[in-house]
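So the chains spell out like this:
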Amino acid sequence: MSDLLAALNSLRERLKEIPQADERRLQELKTELLGRKAGALTDILKGLPALDPETRRTIGGAANALKRDLAHAIAARELELKRGATALADVDLTLPGRPQWRGGVHIVTQVVDEICDIFKELGFTRVVGPEAETERYNFYALNFPKDHPALDAQDSFYLGGDVLLRTHTSPVQIRTLESYPPPIRIVVPGRCYRRDPFDASHSPVFEQIEGFAVDEGITFVDFKATLAAFARRIFSPTTKVRFRPSYFPFTEPSAEMDVQCQICGGSGCAACKQTGWMEILGSGMVHPAVLENCKLDSEKYTGFAWGMGPERIAMLRYGIPDIRLFFDSDVRFLEQFIR
Amino acid sequence: MIVSRRWLESLLGRPLEGRDVSDRLARQVAPVDGVVPIHQDLREVLVARVLEVRQHPNADRLSLCVVDAGGAAPLEVVCGAPNVQAGKAYPFAPAGATLPGGLKLERRKIRGVESNGMLCSAKELGLGVDHAGILELQTDAPPGTPFLEAVPIADEQIIIDVSANRPDLLCHKGVARELAVSLAATVKLPPIPASASQSPVTRKDRGVVDGVEVRVDDPEGAPRYMIAVIRGVKVQPSPPWLATRLQGIGQRSINNIVDATNYILFEVNQPLHAFDLAKLRGPAVVVRRATSGERIVTLDGVERKLTPEMTVICDDQRPQIVAGVMGSAESEISAATTDIVLECAYFQPTRIRRTRRALGVSSESSYRFERGIDMLGMPEAMGRAIDLIRALAGGEMREPPIDLWPEPQKSRSVFLRDARVGHLLGVPVPRKEIERLLSAVGFVAAPKDDRLAVQIPGWRPDVTREVDLIEEVARLRGYDSFPDELRPYRPGTVPDAPAELTLHRIREQLVASGNGLLEARTLPFGPADGPDAVAVLNPLSAEEAHLRSRLLPGLIRRVEYNWAMGNRDVRLFEVGTVFRASGRPTDRPAEELHLAIVLTGARHPPHWTDSTNAAKLPDMDIWDLKQHFELAVGLAAGSDDVQPAANGSGWGPLEADAPKWAAPLFGLEVKIVVAPPSPVRYQPLPSQPSVVRDISLVLPGSVTAGAVDVVLRRQGGRLLERLDVLDEYRGAGLPAGTRGVTWRCTFRAPDKTLTEREAVEVLERMLRAAEADLDVHRRQA
Ligand SMILES: [Zn+2]
């Protein structure tokens, strides 16, 4: 009899294991202790009829109590596990949570969206145009003289005849003027193509964002104000900007906008060639010939236009050293810009 | 365009600082790409004084010098030059210094005596060809002074990014003219001893000068053409001042005649060509169009085929020069030349541009002719060139130069309204200020009625209309002087492009958690990817000779790149333009927006609660792709009306160059239909209980679940609220060639409680139809 009592006591010891058991262990314990076929306690209870009555009463009472306690503890633990209300003390919560794959929009798309959103606040809508263009839209309606060295900077991929891949988003200026009356305020993101070899700072395919405003009474002051406001929004409210003379056939006066070097803050470093400034965009007042080419009265209407490279802005901003990284699509690169 | 700081100083008569010049030019004139000090390879060379010269103990030809190089003690230096003298100063490269060309001097024994450095010749310093001996310095600088501080060869190259419209900035005079405005200085060309040369004689299109017949048969190609003949010149090396000037801007000194023409080119932007009179048959100089098939061997030794689109300068018989582009070796100036013919011309810019593009050569001259030189400034440039040549090489002129100018032009005038200046710039600029700014750079403004009549100088071919003058006013005043406060504006008439909104929505969904796709932007070039692929006429390489007509091939290449980088889990999507040939190659190709997705690798990122054996992580399979396909179709097409991508690519497993450890690759591509998102309407939440029944059906091999689904839904009608696949089973207990599929049917009536009996009636009807239409029946339990 003392053997049986000892067995029951050692089984009772197992009660302590129950609150710590995980789901699998709990099922094992349940089978081991209470299993209908081979459970340890079940064996004892099965053997009761063969005992003398007194022993049967004593052992039977203890065994049934233990059975009740075990069943109770297991049920409680099962409920606990089900609720997930695991005792904090038992779990190492510094272990990482269950992950899911995360997706992300390309960093260049993000920068394009950010730029377009800033201009949206300044009243510009977002439009697009075709990537294959004719020379008329890409050059001549934009006041590029025929056979002029200005075309050298626009080394183009030709598809046949006078059809080429656009070298800038500016043809959309013409397409818009042909379809809508002023006032016009648009930004035009899109892919552009130039026959540059693919290296760390050049890509034959790049993104550009065109901006274009035409109305009565738009002046050089409006032009400077709009672009300076943009620069302060995308960099910082205290960023200094400067405008310098430049040349584009479709703007006059033409200007380039620099912002204070974002790396050295203007004191001069290798990135800004010691000038303290970084070139951000080319721009100017719309050349009257562009308006005239679209049958608009250039005495009445004036405007401004600009073009900028989101890849370049992304490189400046995030310290990306090589433009090819944008096109490699290495998932370790793309994942860095998930937000 | 490279300009020399020292050269500018000589024109402006004042010292300049490279950085300051760069900043002034950038703000008012043109961007500066850099300021580069020259002779930096001489930084380590010092001025040294020789104290004592002794015979080298072991060599007759060598001497042993005691040299003061500014150090604590004099140094012993072995020297091989015959001209070394005690008491004189020489450039000295101490041991350890690196000389031009990269030679690093070591302290070493020469014939048994240790030498602590080297006294240098001009050649060793890269400053000239004179190697007769070491370079004697006329300097009072104390020993040890850096060589560059003691001699006037230090200079800075200012590299100006001159735009295509400003040929006037392609010379030192033009740059100095602009700088003079902000420095309040004046530009004066350094004097050359005048040779009392006579003014040119103007003729229409032919004439004779000193026995040389000159004729312009192509006045369109050469609207103005001047020739001078100088006899008895002595061709020799240029004097140091001239060689230094040219070297300062990276030009090689050749001889006094050629250097003189180059000097004038970089001083006043007038290309000149000198040729050897003795080599000219006739002697004659004939300007004409080349004939078809005519050939010339240019200076670079290449035989070039000419066309009638090109202008050539010929002697009595054959072309000597491709006008404005390149001369030939035949008539080049040589050491033996005594009589020269000097050409000063204006060649038609587009003619030059076409010629140099057709021939694939360009030169300093063609670069300038192509942009337009100052036709009115030619006599002055010619006179200066003659003076310089005669000052350097002697010679005499028996007759004045001839000036063939069939249609003389006067300077142009452009009218400028002061009101228009304020109208465009947004700030009124007083007339006085406009006049002051314009006249500072050579415009001559005179009031006429309520306007200014502005005479345009010949060096500004870019200024042709009022707005060009307004730009001049703005830049000379300084763009920074205009305010930049925002003013009210009217909203535009152009709506947002629906395509941009659609793409935005698609991207947002695909990157959302649960889909977890990364956006790729691939180059749209590659090999032809279909019968409609558009060829690029001038591709960068043969592998990139076509525009994509599908996105998937490019994305597969990106997956392969990722595999090469060791990345196994790759989930990419791209939305972008694809091109398809439409009709003739001279038509614009059709452009479509496509969406493509590629998937490979684990279905989930690994987690520590997973089996510790990472290999057990499930990889993505066709059903993951199917989910993305359904998503893509929903997003891109907005309906079930799917346009599979061109060439039937649709969706499925993809072939790729995969490493052994890679998971299967799946992909899809759909055409994006730009449309607003389908409208959403609120559905009342169900207030009646539902009845749920599961049915297991046996499908013959040819029957798809999709077909059964259609039949069941049709019969289920409005009471069948949902129909979901629970399970597919193949194997034991089923007739061969069949499979079991279990659906869960949820019935609900919107307006009343559905009884079991009513639900079962509908279910029976569904089953009967499936059996009748598709030979599908219920599986026996
Ligand atoms: Zn910096």
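Computed from a predicted structure; not experimentally measured.

A. The arrangement of the overall build of chain B in detail. A tally of helices and strands in chain B yields 17 helices and 38 strands. Taking 28 Å as the expected radius of gyration for a compact globule of 781 residues, we find that chain B reaches 42 Å, considerably beyond that expectation. In terms of its C-alpha atoms, chain B occupies a principal-axis envelope of roughly 125 × 85 × 60 Å. For chain B, the proportion of its 781 residues judged to be buried stands at 50%. For chain B, contacts bridging at least 24 residues in sequence account for 69% of all contacts bridging at least 6. Surface exposure of chain B reaches about 36000 Å², of which carbon and sulfur atoms provide 52%. Taking the average location of the 96 positive side-chain charges in chain B and that of its 102 negative ones, the two points are 2 Å from each other.

B. Local environment of the interface of chain A and chain B. Contact with chain A, which involves 106 residues of that partner, is made by 100 residues of chain B. Both sides of the chain A and chain B interface together cover about 8900 Å² of buried area, and 55% of this is carbon and sulfur. The largest share of the area that chain A buries against chain B comes from Trp101(A), Asp147(A) and Pro245(A), three residues that together contribute 10% of it. Seen at the junction of chain A and chain B, the total is nine salt bridges. Here chain A is connected to chain B by 51 residue pairs in polar contact (both at pLDDT 80 or more). A per-element tally of the side of chain A that touches chain B places helix α8 (residues 220–234) of chain A first, with nine residues.

C. Looking closely at the domain arrangement of chain A. Per the domain assignment, the segments making up chain A are domain 1 (2–83) and domain 2 (107–337). If you average the C-alpha positions of domain 1 of chain A and of domain 2 of chain A, the two centres end up 79 Å apart.

D. Summary view of the packing of aromatic side chains. In the structure shown here, the tally under the stated rule is 24 aromatic pairs over all chains. Ring geometry for Phe220(A) versus Phe223(A): centroids 5.4 Å apart, planes at 45 degrees, classification tilted. One end of the pair is Phe220(A) and the other is Phe223(A), both in helix α8 and three residues apart, which spans about a single turn. Side by side, Phe220(A) and Phe223(A) carry an identical accessibility label, which is buried. Here a set of aromatic residues connected by ring pairs shows up, and it is made of Phe119(A), Phe124(A), Phe220(A), Phe223(A), Phe230(A), Phe243(A), Phe304(A), Trp306(A), Tyr479(B) and Phe482(B). The lysine or arginine in question, Arg136(A), covers the ring of Tyr137(A), its NZ or CZ lying 4.8 Å from the ring centre.

E. The sheet that holds strand β24 (residues 413–417) of chain B, seen in detail. Residues and elements named next belong to chain B. Pairing within the open sheet is antiparallel, and its three strands lie in the order β24-β26-β25. Unpaired on one side and paired on the other, β24 and β25 (444–448) mark the two borders of the sheet. Pairwise comparison of adjacent strand axes, ignoring direction, gives a mean angle of 30 degrees for this sheet. As paired strands, β24 and strand β26 (residues 451–455) are joined by five bridges and run antiparallel to one another. Bridge assignment links Val 414 to a residue of β26, and that residue is Val 454. Lying over the sheet, helix α12 (residues 466–477) contacts β24 and β26, oriented at roughly 65 degrees with respect to β24.

F. Representation of the coordination of the zinc ion in the model. All names here are of chain A. Cys 261 (SG), Cys 264 (SG), Cys 269 (SG) and Cys 272 (SG) make up the full set of protein donors to the zinc ion, lying at 2.3 Å. Considering all four donor atoms around the zinc ion, angles at the metal cover 101 to 113 degrees and the coordination shape is tetrahedral. The motif formed by the donor residues of the zinc ion, counted along the single chain, is C-x2-C-x4-C-x2-C. With relative accessibility at 4%, the residue Cys 272 sits in the buried group.

G. The arrangement of the packing of helix α2 (residues 23–34) of chain A against helix α3 (residues 40–47) of chain A in detail. Residue and element names in this part refer to chain A. Where α2 contacts α3, the two axes come as close as 3 Å, and the packing angle between them is 15 degrees. The angle between the axes of α2 and α3 places the two elements in the roughly parallel class. Contact residues: α2 offers Glu 32, Leu 33 and Leu 34, while α3 offers Ala 40, Leu 41 and Thr 42. Here the residues of the contact of α2 with α3 sort into four nonpolar, one polar and one charged.

H. Highlighting the state of the cysteines. Taken as a whole, this structure holds zero disulfides over all chains when the rule is applied. Not engaged in a disulfide, the cysteine Cys79(B) finds its nearest cysteine sulfur in Cys65(B); these two sulfurs lie 4.8 Å apart.

I. The arrangement of the nonpolar core in detail. Counting 103 residues, the largest nonpolar core has Phe119(A) and Phe326(A) as its most contacted members. Excluding residues that lie within four positions of it along the chain, Phe326(A) makes contacts with His106(A), Ile107(A), Val108(A), Glu311(A), Ala314(A), Met315(A), Ile320(A), Phe333(A) and Arg521(B). Judged by nonpolar contacts, the second largest core, of 94 residues, contains Leu11(B), Ile227(B), Ile296(B) and Ile313(B).

J. Representation of helix α10 (residues 310–318) of chain A within the structure. Of the positions making up α10(A), those classed as buried are Pro310(A), Glu311(A), Ile313(A), Ala314(A), Met315(A) and Leu316(A). Elements in contact with the buried residues of α10(A): α5 (107–121), β6 (205–216), β9 (277–286), β10 (301–308) and α11 (325–328) of chain A.

K. View of the domain arrangement of chain B. Residues and elements named next belong to chain B. What the domain assignment reports for chain B is domain 1 (2–38 + 155–183), domain 2 (40–150), domain 3 (201–404), domain 4 (416–452 + 465–481), domain 5 (498–607 + 616–671) and domain 6 (691–778). Taken over C-alpha atoms, the centre of domain 1 sits 24 Å from the centre of domain 4. Summing the contributions of domain 1 and of domain 4, the shared interface buries around 630 Å²; its carbon and sulfur component is 42%. Residues Arg 27 and Asp 480 are paired through a salt bridge, measuring 2.6 Å at the closest nitrogen-oxygen approach.

L. Broad picture of the sheet that holds β6(A). Residue and element names in this part refer to chain A. Across the sheet, which stays open at both edges, the seven strands sit in the order β1-β5-β6-β10-β9-β8-β7 with mixed pairing between neighbours. Looking at strand neighbours, the two that pair on one side only are β1 (125–126) and β7 (241–245), the edges of this open sheet. As judged from the eight bridges shared by strand β8 (residues 251–260) and β9, these two strands associate in the antiparallel manner. Each bridged residue has a counterpart across the sheet, and for Met 257 the counterpart in β9 is Leu 281. The sheet strands contacting α5 are β1, β5 (184–193), β6 and β10, and the helix crosses β6 at an angle near 5 degrees.

M. Focus on the pattern of salt bridges. In the structure shown here, the tally under the stated rule is 84 salt bridges over all chains. A salt bridge links Asp496(B) to Lys120(A), with the shortest nitrogen-to-oxygen separation between them at 3.9 Å. With one member in each of two chains, Asp496(B) in the loop between α12 and α13 (498–511) and Lys120(A) in helix α5 form a pair that bridges those chains. For Asp496(B), a relative accessible area of 29% corresponds to the partly exposed category. Among the salt bridges present, the one from Arg231(B) reaches Asp339(B), with a minimum N-O distance of 3.4 Å. Of this pair, Arg231(B) sits in the loop between β14 (224–230) and α5 (240–248) while Asp339(B) sits in the loop between β21 (326–327) and β22 (340–346), and the two are 108 residues apart along the sequence. The two residues Arg231(B) and Asp339(B) agree in class, both being buried.

Calculation criteria
- Residues numbered from 1 in each chain as written.
- Chains lettered and ligands numbered in written order.
- Predicted model: local features only at pLDDT ≥ 70, side-chain atom pairs only at ≥ 80, totals over all residues.
- Heavy atoms only, no water.
- Helix = DSSP H or I, 4+ residues; strand = E, 2+ residues; numbered from the N terminus.
- Rg over C-alpha atoms; globule rule 2.2 N^0.38 Å.
- Buried < 20%, exposed > 50% of the residue type's maximum accessible area, 1.4 Å probe, protein only.
- Contact = heavy atoms within 4.5 Å.
- Areas by Shrake-Rupley, 256 points an atom, 1.4 Å probe, with all protein chains shown as cover.
- Lys, Arg positive; Asp, Glu negative; His and termini not counted.
- Charge placed at Lys NZ, Arg CZ, Asp CG, Glu CD.
- Buried area = accessible area lost by both parts, 1.4 Å probe.
- Salt bridge = Lys/Arg side-chain N within 4 Å of Asp/Glu carboxyl O.
- Polar contact = N/O pair within 3.5 Å; in protein donor to acceptor, adjacent residues only side chain to side chain.
- Domains from an automatic or database assignment.
- Phe/Tyr/Trp six-rings, centres within 6.5 Å; stacked < 30°, edge-to-face > 60°.
- Lys NZ or Arg CZ within 6 Å of the ring centre and 35° of its normal.
- Pairing = 2+ DSSP bridges.
- Axes fitted to C-alpha atoms, helices over the stretch in contact; angles between N-to-C directions.
- Donors = N, O, S within 2.8 Å, 3.2 Å for Na, K, Ca; no water.
- Tetrahedral: all angles 85-135°; square planar, octahedral: opposite > 155°, others 65-115°.
- Parallel < 35°, antiparallel > 145°, perpendicular 65-115°, else oblique.
- Nonpolar A, V, L, I, M, F, W, Y, C, P; charged D, E, K, R; others polar.
- Disulfide = S-S within 2.5 Å.
- Core = buried A, V, L, I, M, F, W, Y, C linked by side-chain atoms within 4.5 Å.

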